[in-house]
Amino acid sequence: MELIQKYFPEITPDQKEKFAALQDLYKDWNSKINVVSRKDVDELYLRHVLHSLGIAKVQAFKKGASILDVGTGGGFPGIPLAILFPEVNFRLVDSIGKKIKVVNEVSKGLGLQNLVTTNARVEEIDGKFDFIVSRAVAAMPTFVHWVQGKIAKESKHELKNGILYLKGGDLSEELQDYPKATIYELQDYFEEDFFETKKVVHLPMKYKK
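So, a few notes on the structure that sits alongside this text. No experiment lies behind these values; they were computed from the predicted model shown. (Residues numbered from 1 in each chain as written. Predicted model: local features only at pLDDT ≥ 70, side-chain atom pairs only at ≥ 80, totals over all residues. Heavy atoms only, no water.)

1. Let's talk about the overall build of the protein
Then, in step 1: Along the backbone of the protein there are seven helices and seven strands.
Then, in step 2: If you list the helices and strands of the protein from N to C, you get α-α-α-α-β-α-β-α-β-β-α-β-β-β.
Then, in step 3: In summary, the protein has a C-alpha radius of gyration of 16 Å against a globular reference of 17 Å for 209 residues, a match within 12%.
Then, in step 4: Each of the three principal axes of the protein carries a C-alpha extent, and together these read 45 × 35 × 30 Å.
Then, in step 5: If you take every contact in the protein between residues at least 6 apart in sequence, the share linking residues at least 24 apart comes to 70%. (Helix = DSSP H or I, 4+ residues; strand = E, 2+ residues; numbered from the N terminus. Rg over C-alpha atoms; globule rule 2.2 N^0.38 Å. Contact = heavy atoms within 4.5 Å.)

The following block contains the structure:
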């Protein structure tokens, strides 16, 4: 929890309370339905919560923005971002029902009002979103194919509407067809060794392939 305050010192007492509650909620639900590896539960704030919030270092979402989290798994990056941006609307999608059940229970436990979930494949989702976020659920060309047509046209943020993707390792081959993609190194924002190879990729909606 100190990690979150270290990098986001401006969080309110309510947000602090919600972030602090995550550990027990995930420990409890993970013992019933395994969505996070046991090692990762012990390092939840580093490997999941702060990692998810790397997106916020690249782009702070504005009030009223609409964000789709694809393949959310146990609720990452969607739940930490929903805590950090209470006036932003989040939709968390996963095709695996038991994962969505955990997300629903954690969200309920936190009392989050700005988050809805859908148990479906992303191709079945209607609506347009300012940004689509995810944690490395597929290679970028596959992911782009899945989310085509789901980005809102009018950009209200510093970055153009599009995909914000948490990835690790060498992405040169994967991104060779996307010259408009920008890679943000998370080690520029967070000093822990875990972030050495971690990145946020921004791919704007208007790109030439």
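2. What to know about the packing of helix α2 (residues 13-32) against helix α6 (residues 97-110)
Then, in step 1: Remark: α2 packs on α6, axes separated minimally by 10 Å, with the N-to-C direction vectors making an angle of 140 degrees. Relative to α6, the element α2 lies oblique. Seen along the crossing, α2 lies across α6 with a hand that is right-handed. Within the contact between the two elements, α2 uses Lys18, Ala21, Leu22, Leu25, Tyr26 and Trp29 and α6 uses Lys101, Val102, Glu105, Val106, Gly109 and Leu110. (Axes fitted to C-alpha atoms, helices over the stretch in contact; angles between N-to-C directions. Parallel < 35°, antiparallel > 145°, perpendicular 65-115°, else oblique. Left-handed = near helix turned anticlockwise from the far one by under 90°.)

3. Here's the deal with the environment of Ala181
Then, in step 1: Within the secondary structure layout, Ala181 lies in the loop between β5 (162-168) and β6 (182-185).
Then, in step 2: Separated by 17 residues in the primary sequence, Ala181 and Leu164 have C-alpha atoms spaced 9.8 Å apart.
Then, in step 3: For Ala181, the contacting residues outside a window of four places in its chain are Leu175, Val201, His202 and Leu203.

4. Section: the environment of Met1
Then, in step 1: Along the polypeptide, Met1 turns up in the segment before α1 (2-7).
Then, in step 2: Look at Met1 and you get buried, because its relative accessible area is 19%.
Then, in step 3: Remark: the alpha-carbon pair of Met1 and Gly64, spanning 63 residues in sequence, is separated by 27 Å.
Then, in step 4: Apart from residues no more than four positions distant in its own chain, Met1 is found in contact with Ile11, Lys16, Phe19, Ala20 and Tyr45. (Buried < 20%, exposed > 50% of the residue type's maximum accessible area, 1.4 Å probe, protein only.)

5. Structural notes on the layout of surface pockets
Then, in step 1: When its volume is computed, the largest pocket comes out at roughly 360 Å³.
Then, in step 2: Along its surface, the largest pocket is lined by 21 residues, and Gly71, Thr72, Gly73, Asp94 and Val137 are the ones closest to its centre.
Then, in step 3: Its volume calculated, the second largest pocket comes out at about 170 Å³.
Then, in step 4: Around the second largest pocket, the lining is made up of 13 residues, and of these Val147, Gln148, Gly149, Ile151 and Met205 lie nearest the centre.
Then, in step 5: Contributions of two or more residues to the lining of the second largest pocket are made by α7 (140-147), β5 and β7 (198-204).
Then, in step 6: Tallied by class, residues from the lining of the second largest pocket come to eight nonpolar, three polar and two charged. (1 Å grid on protein atoms, 1.4 Å probe; cavity = no way out; pocket = protein on both sides within 12 Å on 5 of 7 lines; lining within 4 Å. Points joined across faces, edges and corners; volume = space filled by probe spheres on them. Nonpolar A, V, L, I, M, F, W, Y, C, P; charged D, E, K, R; others polar.)

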